[in-house]
Amino acid sequence: MPTSTDIAVSIAQLRVEINHHNHYYYVLDDPQIPDAEYDRLMQRLQALELQAPELITPDSPTQRVGAKPLSGFAEVPHAVAMLSLDNAFSDDDMLAFDARVTKGLEVDEVIYCAEPKLDGLAVSLRYERGLLVRAATRGDGRVGEDITQNVRTINSVPLRLMGDEFPPVLEVRGEVYMSRAGFDALNKRQRDHEEKPFANPRNAAAGSLRQLDPKITATRPLAMYCYGVGEVDEALSGASHRDILACLKEWGLPVSPETKEVRGVAGCLEYYHQIGEKRAALPYEIDGVVFKVNSIRQQQALGFVSRAPRWAIAHKFPAQEEMTRLIDIDIQVGRTGALTPVARLEAVFVGGVTVTNATLHNEDEVRRKDVRAGDMVVVRRAGDVIPEVVSVVLAARPDDARAFVMPTDCPVCGSEVRRAEGEAVSRCSGGLYCSAQRKEAIKHFASRRAMDIEGLGDKLVEQLVEMGWLNSVADLYDRSALPHEKLAGMARMGDKSADNLIAAIDKSKQTTLARFLFSLGIREVGQTTAQSLANHFGKLPAIMDADEEALLAVADVGPVVVANLRAFFHESHNREVIESLQRLGVQWPDVAAKRDQPQPLAGQIFVLTGSMESMTRDEAKAKLQALGAKVTASISKKTRYLVVGADPGSKRDKAEKLGVPILDEAALESLLAGHSVTD
Ligand code: I6G
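What you see as residue numbers is a count from 1 along each chain, following the sequence as written. Given that this is a predicted model, residues contribute local features only at a pLDDT of at least 70 and side-chain atom pairs are listed and counted only at 80 or more, while totals for whole chains, interfaces and linings are drawn from all residues. Computation of side-chain values covers all heavy atoms of the structure but excludes hydrogens and water.

J.: Tell me about the overall build of the chain, and name the residues and values.
T.: Helix and strand assignments follow DSSP, with helices taken as H or I runs no shorter than four residues and strands as E runs no shorter than two, numbered in order from the N terminus. Each helix and strand counted, the chain has 24 helices and 24 strands in total. With the C-alpha coordinates of the chain rotated into their principal frame, the extents come out at 85 × 65 × 55 Å. For the chain, the residues scored as buried account for 48% of the 679 residues in total. Residue pairs in contact within the chain that sit at least 24 positions apart in sequence constitute 67% of those at least 6 positions apart. Note that accessible areas follow from Shrake-Rupley with a 1.4 Å probe, and for residues the cover is restricted to the protein chains shown. Counting every atom, the chain has about 33600 Å² of accessible surface; 50% of that belongs to carbon and sulfur. Only protein chains enter the accessibility calculation, which uses a 1.4 Å probe; a residue is then buried when its area is under 20% of its type maximum, exposed when over 50%, and partly exposed in between. Residue contacts are counted whenever heavy atoms from the two residues lie within 4.5 Å of one another.

Here you go:
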C-alpha cells in the first residue's frame with residue numbers, strides 16, 4: 001500500500017515528466033514519446049490525483065480544462081498598456097520608418113528583430129512566481145477581458161514556467177492563433193454537426209477564446225506565440241529584444257522559430273520578401289511582418305507616440321480579404337460536367353492581384369451564405385488559392401438583390417442538369433456532347449502532368465473546339481482532322497508555332513501507361529491512382545476489363561473509383577477514342593504487373609522538394625511509386641524520407657525539426673537503383 005508521501009512524490013514526478021513532454025510536443029514541435037505513452041502518463045496522474053484530491057494544484061497538467069462555464073468575462077486593467085503597432089503598406093513606408101529611426105537615434109544603421117505577424121488575437125499572460133494566474137484580451141489596450149480559463153486550455157501555454165530564473169511577476173504578450181489544419185478540421189466538424197463554419201482562422205480563434213464554457217475552448221485547436229513582455233518586476237537580463245525572446249523560450253514559452261535579426265532597412269525588406277514567399281507554406285496565417293529595433297537601450301531612446309512604439313512597425317502584406325459588389329452569378333461547366341456557380345465581381349485588389357471572379361463552390365454554398373446578385377460581398381484570396389466569396393454584407397443588401405437558382409438545363413449545351421442524391425454538385429448530363437466539357441477534357445489531356453503537349457494552351461483549345469475542328473482528343477493526332485494550315489491560321493500562331501505544336505503532339509505519343517490513364521480524365525482518378533492502377537495491372541486492357549473485385553485489390557482504389565472506372569470503360573465512345581489514339585500512334589511500354597515486380601518501398605512515405613537535375617519531380621514520384629512508395633506533399637512524423645533538390649525551401653527545416661531523414665539526389669538515384677541508403 002503506497003503511503004501518502006509515496007503518492008505525493010509520484011504525483012510531483014509525473015507532473016514534471018508530463019510538463020516536459022508537453023513542452024516538446026506543443027512548443028518545440030518535437031515529440032519525444034508516442035501519443036499512447038503520453039496518454040498513459042496522464043492517466044496515471046489522474047488516478048493518483050483521484051486518490052489524493054487534496055494534492056491537486058491549479059498548475060497540474062490535469063487541470064487545463066475543468067472550470068465551470070462563466071456568465072460573462074470580468075474586466076482586467078493592464079498594468080502596462082497593450083499598445084498597437086504602426087503599419088507600413090509599401091517599401092517606401094518602410095524606408096520612411098527606418099529614416100525616422102536612424103534620425104532619432106543619430107546612427108547610420110540599426111539592427112532590427114524581425115518576426116512574422118500572426119493573424120490571431122493579442123493576449124497578455126500574467127505569471128506570478130512562475131504560475132499562470134491571469135490571461136486577458138487586449139480590449140481597448142488599457143482594460144481587457146479575463147479569459148484565463150480559456151487560455152489555460154491552450155496546450156502550448158505553460159501553466160507553470162520552466163526553471164527558476166524568471167522574475168516573480170512576469171506579463172507576457174503574444175498572439176493566440178489557429179493553424180490552417182486546425183481551422184479546416186474545426187470547420188469540418190462544424191459542418192458535420194450542421195453548425196455554422198467560421199469564415200477564417202482568425203474568427204475561429206476569436207470565437208473560441210470568447211467561449212463562456214472553457215470545455216468548448218478546450219476542443220478548439222488554439223496555439224500561441226509570444227512576442228514581448230508587459231509588467232515585469234525585475235529587470236530582464238539581456239540587452240536586446242532577441243535576448244528577451246530567448247529568455248521567454250528558456251522559461252518554456254512558445255516563441256516563433258522564424259524570428260531573426262536583420263541589418264538595416266535592406267535586411268528588413270529582404271526578410272519581408274522571404275517570408276512572403278514562405279507564407280503559403282507556413283502552417284498558420286500571417287498578415288505581415290513585425291520589425292522592432294533590437295537594442296532595448298535604443299527602444300527606450302525612441303519611446304512612444306500616442307499608443308504605438310516609435311521603435312516597431314508592422315509591414316503588412318496586401319489584404320487577403322476585401323469588399324466588393326457581386327454583379328451576377330454565372331455558371332461554369334467543368335471537365336466532369338460539374339456546374340460551378342461563379343461570382344462576377346466589380347474588380348477589387350485583393351491578395352496582391354485584381355480579382356473579377358470568385359468561386360461560390362456549389363448550390364448549397366450559395367444558399368448557406370445567402371449570396372445574391374447585387375450584394376456587397378467579402379472576397380478572399382489567400383496565396384495561390386482560387387478567390388472565394390466568404391460572406392455577404394447583409395446591411396448593404398440592395399432591395400433588388402436577386403437570389404440564385406441552379407439552372408435545370410446546361411447553359412452551354414442545353415442537356416439536362418442532374419444532381420445525384422447525397423451529392424453537393426449538379427452536373428450537365430451531356431458528356432462530351434457538351435462543348436464546355438470537351439474543352440476542359442482536352443485541356444486536361446494536354447496538360448503537363450498528363451500528355452504534356454507543350455504549346456497547346458487553354459485559349460488555343462477553346463478556339464479550336466469553337467471552330468469545330470477539335471472534337472475529341474484523338475483529333476489532336478489526326479493530321480487530316482487538324483492539318484498544319486488550320487493550326488497555323490489560328491490567332492497568335494503562324495507556320496513556326498504550328499510546326500512546333502505538331503512536333504510537341506508527336507513527341508507526346510511516347511508516353512507511359514500511368515500518364516495515359518491520368519490523361520483520360522476519369523473522375524477521381526488522379527496521378528497517384530493512375531500510377532497504382534498501372535503498377536498493379538501492367539497493361540491497359542487488363543484495367544479496362546477488370547471486374548469490381550480485381551479493381552478493389554489495387555492500393556488507393558475504393559468503391560467510388562471502381563464505379564467511375566467501370567462507367568468510363570463501359571462507354572463505347574470512350575473505348576473508341578482510346579482505340580483511335582492507339583491507332584494514331586499513342587503508345588507506352590507495358591509495365592511489369594505488381595505480382596511480378598518487387599515493391600521494396602511499400603508502405604514508405606516520401607516527400608519531394610526543390611528541383612532535381614537528372615529527373616523532374618514528377619518522374620521521381622513515378623519511380624518511387626513504381627517501387628511501392630507513397631509520395632505526399634507535406635511532411636509529418638510519418639514521412640520516411642524527404643528528398644531535396646536545389647532550393648528546397650521550408651520543407652527541409654521542417655524535416656530537420658521532426659527528425660525526418662533527408663536524401664539528396666544522388667542518394668535517391670542510388671535508392672531507385674536498388675541500393676539501400678543509411679539515414
Ligand atoms: O500585435 C502585435 C503583433 C506582433 C504586436 C507585436 C508583435 O510583435 C511580433 N509587437 C508589439 C510591440 C505590439 N503588438 C504592440
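The structure having been displayed, the exposition proceeds.
J.: Outline the sheet that holds strand β10 (residues 286-293), supporting the account with residue identities and numerical values.
T.: One requirement defines pairing of two strands: DSSP has to find at least two bridges between them. Pairing is mixed in the open sheet, where five strands are placed in the order β2-β13-β10-β3-β9. Single-partner strands in this sheet number two, and they are β2 (86-88) and β9 (260-263). The mean inter-strand angle of the sheet, taken between neighbouring strand axes irrespective of direction, is 35°. With four bridges joining them, strand β3 (residues 111-118) and β9 adopt antiparallel strand pairing. Opposite C113, over in β9, you have E261 as the bridge partner. Structural elements are reduced to axes, namely lines fitted to C-alpha atoms, with helices fitted over the stretch in contact, and the angle between N-to-C directions of any two is expressed from 0 to 180 degrees. Relative to the sheet, helix α8 (residues 241-250) contacts β3, β9 and β10, its axis offset from that of β3 by approximately 50°. Relative to the sheet, helix α9 (residues 264-278) contacts β3, β9, β10 and β13 (312-316), its axis offset from that of β9 by approximately 135°.

J.: An account of the nonpolar core is needed here, citing residue identities and associated values.
T.: Counting residues in each nonpolar core, the largest one holds 55 residues, and the members touching the most others are I453, L533 and F569. We call a set of buried Ala, Val, Leu, Ile, Met, Phe, Trp, Tyr and Cys residues a nonpolar core when their side-chain atoms join them within 4.5 Å. Core analysis: the next-biggest nonpolar cluster, separate from the first, contains 38 residues, C113, A135, L222 and L253 among them.

J.: Explain the pattern of salt bridges to me, and be specific about the residues and the numbers.
T.: In what follows, salt bridge is the name for a side-chain nitrogen of Lys or Arg lying within 4 Å of a carboxyl oxygen of Asp or Glu. A complete count under the given rule lists 36 salt bridges for this structure. In this structure, the salt-bridge partner of E285 is R180, at a minimum N-O distance of 3.5 Å. Of this pair, E285 sits in the loop between α9 and β10 while R180 sits in helix α5 (residues 180-192); the two residues are 105 residues apart in sequence, bridging distant segments of the chain. With relative accessibility at 24%, the residue R180 sits in the partly exposed group. A salt bridge links E261 to R242; the shortest N-O distance between them is 3.9 Å. Taken together, the residues E261 in strand β9 and R242 in helix α8 connect sequence positions 19 residues apart.

J.: Give me the packing of helix α20 (residues 559-570) against helix α21 (residues 572-583): which residues, what numbers.
T.: A packed helix pair is summarised by two numbers, namely the angle formed by the two axes and the spacing between the axes. Interhelical geometry of α20 versus α21 gives an angle of 75° and a closest axis separation of 5 Å. Compared by their axis directions, α20 and α21 come out roughly perpendicular. Between α20 and α21, the residues in contact are F568, F569 and H570 and S572, N574, R575 and I578, respectively. Residues are grouped as follows: Ala, Val, Leu, Ile, Met, Phe, Trp, Tyr, Cys and Pro are nonpolar; Asp, Glu, Lys and Arg are charged; all remaining types, including Gly, are polar. For the contact of α20 with α21, the class distribution of residues is three nonpolar, three polar and one charged. An angle counts as roughly parallel when it lies under 35 degrees, as roughly antiparallel when it exceeds 145, as roughly perpendicular when it falls between 65 and 115, and as oblique in every other case.

J.: Could you give an account of the site of the ligand, naming the residues involved and the relevant values?
T.: As a structural note, the neighbourhood of the ligand is formed by L83, L85, E115, R138, E175, Y227, V290 and K292. Contact between the ligand and K292: an oxygen atom at 2.8 Å from a side-chain N or O atom of the residue. The class makeup of the residues in the shell around the ligand is four nonpolar, no polar and four charged. Residues are counted as near a molecule or strand when any one of their heavy atoms sits within 4 Å of it. Counted as a polar contact is a pair of N or O atoms within 3.5 Å, where, for protein atoms, one must be capable of donating a hydrogen and the other of accepting one, and residues adjacent in sequence contribute only when both atoms are in side chains.

J.: Outline the environment of F445, supporting the account with residue identities and numerical values.
T.: Residue position: F445 is located in helix α12 (residues 435-446). Using a relative accessible area of 1% as the deciding quantity, one classes F445 as buried. Spatially, the C-alpha atoms of F445 and F518 are 8.1 Å apart, while their sequence positions differ by 73 residues. When sequence neighbours within four positions are dropped, the list of residues in contact with F445 reads A450, M451, D452, I453, V473, L476, Y477, S519 and L581.

J.: Go over the packing of aromatic side chains, please, and point to the residues and values.
T.: Two rings belonging to Phe, Tyr or Trp (six-membered ring only in the last case) form a pair when the distance between their centres is within 6.5 Å. Interplanar angles under 30 degrees mark stacking, angles over 60 mark edge-to-face geometry, and anything in between is tilted. This structure, assessed with the given rule, holds 12 aromatic pairs. Summarising the aromatic geometry, the rings of F516 and W588 are spaced 4.5 Å apart at their centres and angled 25° between planes, so their arrangement reads as stacked. Of this pair, F516 sits in helix α16 (residues 513-519) while W588 sits in the loop between α21 and β21 (605-609); the two residues are 72 residues apart in sequence, bridging distant segments of the chain. The two residues F516 and W588 agree in class, both being buried. A network of ring pairs unites the aromatic residues Y177, Y225 and Y284 as a single cluster. In our convention, an over-ring charge means Lys NZ or Arg CZ found within 6 Å of a ring centre and within 35 degrees of that ring's normal. The positively charged end of R640 is found above the aromatic ring belonging to Y641, 4.4 Å away from the centroid.

J.: An account of the sheet that holds strand β22 (residues 630-632) is requested, with residue identities and associated values reported.
T.: Taken together, four strands build an open sheet; the order of strands is β22-β21-β23-β24 and the sheet is parallel. Here the strands that pair on one side only, and so sit at the sheet edges, are β22 and β24 (662-663). As paired elements, strand β23 (residues 641-644) and β24 share two bridges and run parallel to each other. Bridge pairing in β24 links V643 to L663.

J.: So what about the packing of helix α17 (residues 527-537) against helix α22 (residues 617-626)? Which residues, and what values?
T.: Remark: α17 packs on α22, axes separated minimally by 10 Å, with the N-to-C direction vectors making an angle of 45°. As judged from the angle between their axes, α17 and α22 are oblique. Here α17 and α22 pass one another in a crossing that is right-handed. Contact residues: Q527, T528, Q531 and N535 in α17; D618, K621, A622, Q625 and A626 in α22. Of the residues that constitute the contact of α17 with α22, the class distribution is two nonpolar, five polar and two charged. Two helices cross in a left-handed way if the nearer one is turned anticlockwise from the farther one by less than a right angle. They cross in a right-handed way if the turn is clockwise.

J.: Would you mind going over α5 in detail, with residue names and values included?
T.: Multiply 1.5 Å by the residue count of a helix minus one, and that product is the helix's expected span. An ideal rise of 1.5 Å per residue puts 18 Å on 13 residues; α5 measures up with 18 Å between its terminal C-alpha atoms. Looking only at α5, the buried set comprises G182, F183, L186, N187 and Q190. Projected down its long axis, α5 shows its buried positions confined to an angular sector of 130°, all on one face. α5 presents A181, K188 and D192 as exposed residues on the side facing more than 90 degrees away from its buried surface. Lining the buried residues of α5 we find β7 (169-178) and α6 (201-209). Among the residues trailing α5, E194 stands out with phi positive, at a value near 55°. Picture the helix axis, draw a direction to every C-beta atom, and the arc is the one those directions span.

J.: Which residues make up the environment of P309, and what values do they have?
T.: In this fold, P309 is placed in strand β12 (residues 308-309). Along the primary structure P309 and G374 are separated by 65 residues, whereas in three dimensions their C-alpha atoms are 43 Å apart. If we skip the residues at most four places from it in the chain, P309 touches L83, S84, L85, G303 and F304.

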